[in-house]
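# Examination of the molecular architecture
Residues per chain, in single letters:
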Amino acid sequence: MDDLDLRIITALQTDGTLTKAKLAEAVGSTPSTCLRRVADLRRSGVLTGCVYLADPAKLGRGIRAIITVTTRDHTKDRRTGFAARISKEAAITQAYGVTGDLDAVLIGHFNDMEEYQALCDRLFDSDPEVVRYTTLFAVETYKETTAIPPSDLVGVAKC
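Because the structure is predicted, anything quoted here is derived from the model rather than measured.

This part takes up the sheet that holds strand 1 (residues 63-71). Strand order in the open sheet formed by 4 strands is 2-3-1-4, and the pairing between neighbours is antiparallel. Taken across any chain shown, the strands that pair with only one partner, and hence form the sheet edges, are strand 2 (92-97) and strand 4 (130-137). Neighbour-to-neighbour, the strand axes of this sheet turn through a mean angle of 20°, independent of strand direction. Examined bridge by bridge, strand 1 and strand 3 (residues 104-110) share 7 bridges and lie antiparallel to one another. Of the residues in strand 3, the one forming a bridge with R64 is H109. Helix 5 (residues 113-125) contacts strand 1, strand 2, strand 3 and strand 4 of the sheet and is inclined by roughly 160° relative to strand 4.

What follows is the structure, given as structure tokens:
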């Protein structure tokens, strides 16, 4: 990757709907070069997709929960089974296996507390492998982004 690739990545993280002409203008290149570079970045897996981000509250999912989970058994089969159950839950938008005192951190967006409680009953309370779960409800958003800042990308550029 070079500086042009980094500028393209930065521009597309800000607005994935840019036409190749607008992208070329934004990064100081030509549309054909941008088309080829974007294709290369997608093929290499650096760019993994292009999506619109929806506002959960405007879609009736205004309750945001951060759920931490501790399990009894840490075998690969148990983790795989837990991950499979989580992946089927529409309200859970992000799920991570983590190190430390916890085993998983989940981010969910819920319609109401009844939906949240039903999910807890289904996934945690009825699972004997779940030792404990704790939920934090977000009441304010201080920062929320999916973009990786260009200053963090500099180290991957070839000199």
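Still more to cover.
Where charged atoms of side chains with opposite charge meet at close range, the side chains can pair. According to the stated counting rule, one finds 11 salt bridges in the structure shown. The shortest N-O distance in the salt bridge between R37 and D2 comes to 2.7 Å. Here R37 is found in helix 3 (residues 31-43), whereas its partner D2 is found in the segment before helix 1 (3-14), with 35 residues between them in sequence. In this structure, the salt-bridge partner of R78 is E129, at a minimum N-O distance of 3.7 Å. Placement of R78 in helix 4 (residues 76-87) and of E129 in the loop between helix 5 and strand 4 is noted, with a sequence separation of 51 residues between them. Accessibility expressed as a relative area gives 18% for E129, which makes it buried. Each of the salt bridges in this network shares a partner with another, and the network as a whole consists of D2, D5 and R37.

Thresholds, definitions, all that
- Residues numbered from 1 in each chain as written.
- Predicted model: local features only at pLDDT ≥ 70, side-chain atom pairs only at ≥ 80, totals over all residues.
- Heavy atoms only, no water.
- Pairing = 2+ DSSP bridges.
- Helix = DSSP H or I, 4+ residues; strand = E, 2+ residues; numbered from the N terminus.
- Axes fitted to C-alpha atoms, helices over the stretch in contact; angles between N-to-C directions.
- Contact = heavy atoms within 4.5 Å.
- Salt bridge = Lys/Arg side-chain N within 4 Å of Asp/Glu carboxyl O.
- Buried < 20%, exposed > 50% of the residue type's maximum accessible area, 1.4 Å probe, protein only.

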